[in-house]
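Residue-level structure breakdown
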Amino acid sequence: QVQLVESGGGLVQAGGSLRLSCAASGNIFVINAMNAMGWYRQAPGKERELVATITSGGSTTYADSVKGRFTISRDKAKNTVYLQMNSLKPEDTSVYYCKLRSSYYKDYWGQGTQVTVSS
């Protein structure tokens with residue numbers, strides 16, 4: 001019903017920046033009525049963790065580890081969510097996943113994009 005495609009990952013030096021994008025397509029009714037979208041990340045051998053979320057009303061939340069460095073935003077016209085990541089650290093290295101939670105609390109996930117921060 002809904003497809004999410006992430007892009008923007010890559011290799012960056014510590015202190016650098018990257019901007020991730022997540023484009024949603026498919027059932028426009030589900031997309032427009034979504035509850036929230038968010039970014040999660042998973043490093044090798046670790047649990048997937050929340051990075052940032054943005055609700056349909058524009059409210060945002062962040063993990064403590066990224067507060068002040070990452071910013072989540074949404075372009076409703078493009079059905080796209082962004083994650084601006086500044087002051088990147090080696091511990092930010094992970095696969096970053098986009099998630100859309102529908103109004104009936106079904107979760108859709110993207111395929112992930114690799115972010116690698118070198119020291």
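See the structure shown above.
Residues numbered from 1 in each chain as written. Predicted model: local features only at pLDDT ≥ 70, side-chain atom pairs only at ≥ 80, totals over all residues. Heavy atoms only, no water.

Moving on, we get to the nonpolar core. A general trend in soluble globular proteins is that nonpolar side chains are found buried together. Core analysis: the largest hydrophobic core is formed by 29 residues, its most contacted members being L4, M37, W39, L83, M85 and Y96. Per-element accounting of this core gives the leading share, four residues, to strand β3 (residues 18-26). With residues near it in sequence (within four places) discarded, L4 still touches C22, A23, A24, M37, C98, K99, L100, Y108, W109, G110 and Q111. (Core = buried A, V, L, I, M, F, W, Y, C linked by side-chain atoms within 4.5 Å. Buried < 20%, exposed > 50% of the residue type's maximum accessible area, 1.4 Å probe, protein only. Helix = DSSP H or I, 4+ residues; strand = E, 2+ residues; numbered from the N terminus. Contact = heavy atoms within 4.5 Å.)

Here we take up the sheet that holds β3. Strand order across the open sheet formed by four strands is β1-β3-β8-β7, with antiparallel pairing between neighbours. Whereas interior strands pair on both sides, the edge strands pair on one side only; in this sheet they are β1 (2-7) and β7 (70-75). Averaged over all adjacent pairs, the angle separating strand axes in this sheet is 15°, with direction ignored. Pairing of β3 with strand β8 (residues 80-85), which is carried by six bridges, proceeds in the antiparallel orientation. (Pairing = 2+ DSSP bridges. Axes fitted to C-alpha atoms, helices over the stretch in contact; angles between N-to-C directions.)

With that settled, consider the side chain of T113. Note that T113 resides in strand β11 (residues 113-118). There is a polar contact of 3.3 Å between the side chain of T113 and the backbone nitrogen of G9. (Polar contact = N/O pair within 3.5 Å; in protein donor to acceptor, adjacent residues only side chain to side chain.)

On to the environment of Q42. The topology assignment puts Q42 in strand β4 (residues 36-42). For the pair formed by Q42 and Q114, sequence separation is 72 residues and the distance between their alpha carbons is 9.6 Å. In contact with Q42, other than residues within four places in its own chain, are E47, R48, S94, V95 and Y97. At a separation of 3.1 Å, a polar atom in the side chain of Q42 contacts the main-chain carbonyl oxygen of K46.

To continue, consider the pattern of salt bridges. In a structure, side chains of opposite charge can pair up when their charged atoms sit close to one another. If you walk through the whole model with that rule in mind, you get six salt bridges. Here R101 makes a salt bridge to D107, at a shortest N to O gap of 2.8 Å. Overall, the relative accessible area of 28% leaves R101 in the partly exposed class. The network of salt bridges with shared partners includes R41, E49, R69 and D92. (Salt bridge = Lys/Arg side-chain N within 4 Å of Asp/Glu carboxyl O.)

Geometric descriptors of this kind do not, in isolation, establish any biological role.
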